[in-house]
Amino acid sequence: MIGTGILTTLLGTTSAWVISNYNFPLRSVLKWLLLLPLAIPSYIVAYAYVGLLGNGGTLIWCLQTIGFSVQKIELMNIYGLIWVLSFSLFPYVYASSLAMFSSIPRSIRESSDILGASNWRYLRSVAFPLASPAIISGLFLVFMEVLNDYGAAKYYGINTFTTGIFRTWTMLEDLQSAVYLSALLIVMVVLINALVKWQRGSKSYAVKGSTDQLKSTDRIDLKSNKRLLVWIIVGIPILFGLLLPLGQLFYWATLTYKKTFNIELLQIAGQSFTIALVTTGLILLTSLALIYFSRWNHLKSLHFFKKVATIGYVIPGAIIGIGVIRSSQSFITFFDDVFSLEIGFIFYSSSVVLIYAYVFRFLAVVFHPLEANSLKVGKNISEASYLLNTGKIKTLFNIELPLLRTALLTSGILVFIDVLKELPLTLILKPYNVQTLAVKAYEYASDERVAEAALPALMLIFTITISMAFVSYLQKRDKLNR
């Protein structure tokens, strides 16, 4: 976590600073490319790097061709895992930092210039402290992803809490020890969350001023001798986080597509998309129910339930999986003892439990954006509708939901992406007759058939990339409509 946190902060903040403050050729393209590493799950990047830098790897062969006598670069260790996770997860810090750096008012930069501060002094003493809440928010997501990672850590042979939970549950068949490990991991998550809140404290980051003063700083046009440095700063994360892993996957796909592209793979893709779509629909319905039932009833217990229902995103998938198994066993035993009903097949031979766990894990991804957008709509429109003798349900469907359409689509697509990428939770809870693209790629790699993992991985990446592009389009359209 510490190593990944340092490297992601370095990559994310420097890239965000360059993109937000300077004009240079291809800036708009590079700004988009810096987000795309999120489309490649970290465990897939881990497989690709072994193909690039292992014995007989693609990049090693290229280096040998131009005269370097290197046999391999050892990545199957903790430093290799830090490298892989950092170049997979830095967009979390980049995206949050970019939004903050781009919104720093012009008046602050002008005041800094008047006081004689250099660019470096301004960054260190003004811009970076102002952006620290956004940077730390991005880092918090990075830490949660590191704690949730299973595929990359397992493939590289690194012992983490998540791999330990899996090992005690699957190999040792010791559910109780897995529960204890999960409890320790929960404590770690709570501590990290408390540290984030403590760091922010009661500090204020609000900036006051006139409308003109609050306009963001104009970007600086760079001269030709500085453009190379900027391209290097932005190009390093794109090269190592996107281009090299994708290149290796495409190379593998050309070698193995005849063997792996078949009806079974298309069926797996169909199952993945179906589960993701069903989960997305249920999460949207649950979020709307939580938001509007609490608003209509004003019951304090509903507000408490909302907080409990939306904590799943900060809990690693392995913990949720173990918790669901433990509670499912209690539920099955209760029905067997009290009603003499055997309901175990409902839990273990269908996707019901898996989808339930997905809903709990990713509910916050939809709930918080929808709640924020519903507050922007306000109460005036709905209250006017009630005065015209229109019921609450009819008002919701005819007036409020159309106003929330963009937020519904955007948050729904983000959940769809998260469900497609999720590995630990799926491995624990999926029934034997259900398969997903993420699990299929993992199984190929676990069986030392890494090249064959390329095609399902590319199908997953392509779907996620298209979904991210659609989210970007919706957000741009929403800004233009405003």
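Anything mentioned here points back to the structure above.
Let me sum up the structure you'll find in this document.

The rules behind these values
- Residues numbered from 1 in each chain as written.
- Predicted model: local features only at pLDDT ≥ 70, side-chain atom pairs only at ≥ 80, totals over all residues.
- Heavy atoms only, no water.
- Helix = DSSP H or I, 4+ residues; strand = E, 2+ residues; numbered from the N terminus.
- Rg over C-alpha atoms; globule rule 2.2 N^0.38 Å.
- Buried < 20%, exposed > 50% of the residue type's maximum accessible area, 1.4 Å probe, protein only.
- Contact = heavy atoms within 4.5 Å.
- Areas by Shrake-Rupley, 256 points an atom, 1.4 Å probe, with all protein chains shown as cover.
- Lys, Arg positive; Asp, Glu negative; His and termini not counted.
- Charge placed at Lys NZ, Arg CZ, Asp CG, Glu CD.
- Patch = residues over 30% accessible without salt bridge, like charges linked within 9 Å, V, L, I, M, F, W, Y side chains within 5 Å.
- Salt bridge = Lys/Arg side-chain N within 4 Å of Asp/Glu carboxyl O.
- Axes fitted to C-alpha atoms, helices over the stretch in contact; angles between N-to-C directions.
- Parallel < 35°, antiparallel > 145°, perpendicular 65-115°, else oblique.
- Core = buried A, V, L, I, M, F, W, Y, C linked by side-chain atoms within 4.5 Å.
- Phe/Tyr/Trp six-rings, centres within 6.5 Å; stacked < 30°, edge-to-face > 60°.
- Lys NZ or Arg CZ within 6 Å of the ring centre and 35° of its normal.

**A short note on the overall build of the protein chain**
Secondary structure assignment for the protein chain yields 22 helices and 2 strands. The C-alpha radius of gyration of the protein chain comes to 24 Å, within 12% of the 23 Å expected for a compact globule of 482 residues. Here the C-alpha coordinates of the protein chain stretch approximately 80 × 75 × 40 Å along the principal axes. Here the protein chain holds 482 residues, and 48% of them are scored as buried. Sequence-distant contacts, at least 24 apart, represent 80% of the contacts inside the protein chain between residues at least 6 apart. Roughly 24,800 Å² of accessible area belongs to the protein chain as shown, and the carbon and sulfur atoms make up 65% of that amount. In the protein chain, 39 side chains carry a positive charge and 24 a negative one; their mean positions are 12 Å apart.

**Details of the environment of G5**
Checked against the element boundaries, G5 lands in helix α1 (residues 2-21). Judged by its relative accessible area of 6%, G5 is buried. Once the C-alpha coordinates of G5 and G270 are considered, the two residues, 265 residues apart in sequence, prove to be 36 Å apart. With sequence-adjacent residues up to four places away left out, G5 is seen in contact with L139 and F143.

**Examining a nonpolar patch on the surface**
A surface patch of nonpolar side chains, about 550 Å² in accessible area, is lined by L26, V29, L228, W231, I232 and I236. The leading source of residues in the nonpolar patch is helix α11 (residues 224-260), at 4 residues. Structurally, I232 can be placed in helix α11. Take I232: its relative accessible area is 42%, and that puts it in the partly exposed class.

**Concerning the packing of helix α3 (residues 42-53) against helix α4 (residues 58-65)**
Between α3 and α4, whose axes approach to 3 Å, the crossing angle comes to 25 degrees. Relative to α4, α3 is oriented roughly parallel. Judged by residue contacts, G51, L52 and L53 of α3 engage T58, L59 and I60 from α4.

**Thoughts on helix α21 (residues 437-446)**
Counted residue by residue, α21 has 8 buried out of 10 residues, so it is predominantly covered. Taken from the residues just after α21, E448 is the one with a positive phi, measuring 60 degrees.

**Quick look at the nonpolar core**
If you look at the biggest cluster of nonpolar residues, it comprises 138 residues, and the most contacted ones within it are F24, Y49, Y156 and L429. Ranked by the residues each element gives to this core, the list is headed by helix α7 (residues 119-148), at 14 residues. Once you skip the residues sitting within four places of it in the chain, L429 turns out to touch G321, V324, I325, V353, L354 and A357.

**Digging into the packing of aromatic side chains**
Under the criterion given, the structure shown has 12 aromatic pairs. Their ring planes at 50 degrees and their centres at 5.6 Å tell us that F87 and F240 sit as a pair that is tilted. Of this pair, F87 sits in helix α5 (residues 78-102) while F240 sits in helix α11, and the two are 153 residues apart along the sequence. Ring-pair connections join several aromatic residues into one group, and the members of that group are Y43, Y47, Y155 and Y156. Positioned over the ring face of Y444 is K440, at 4.9 Å from the centre of the ring.

**A few points about the pattern of salt bridges**
Following the criterion strictly, the structure yields 4 salt bridges and no others. Here E422 and R361 are joined by a salt bridge, their closest N and O atoms 3.7 Å apart. Placement of the pair is E422 in the loop between α19 (405-421) and α20 (424-429) and R361 in helix α16 (residues 352-377), with a sequence separation of 61 residues. Each of the two residues, E422 as well as R361, counts as buried. In the salt-bridge network here, residues are joined through shared partners; they are K259, R449 and E452.

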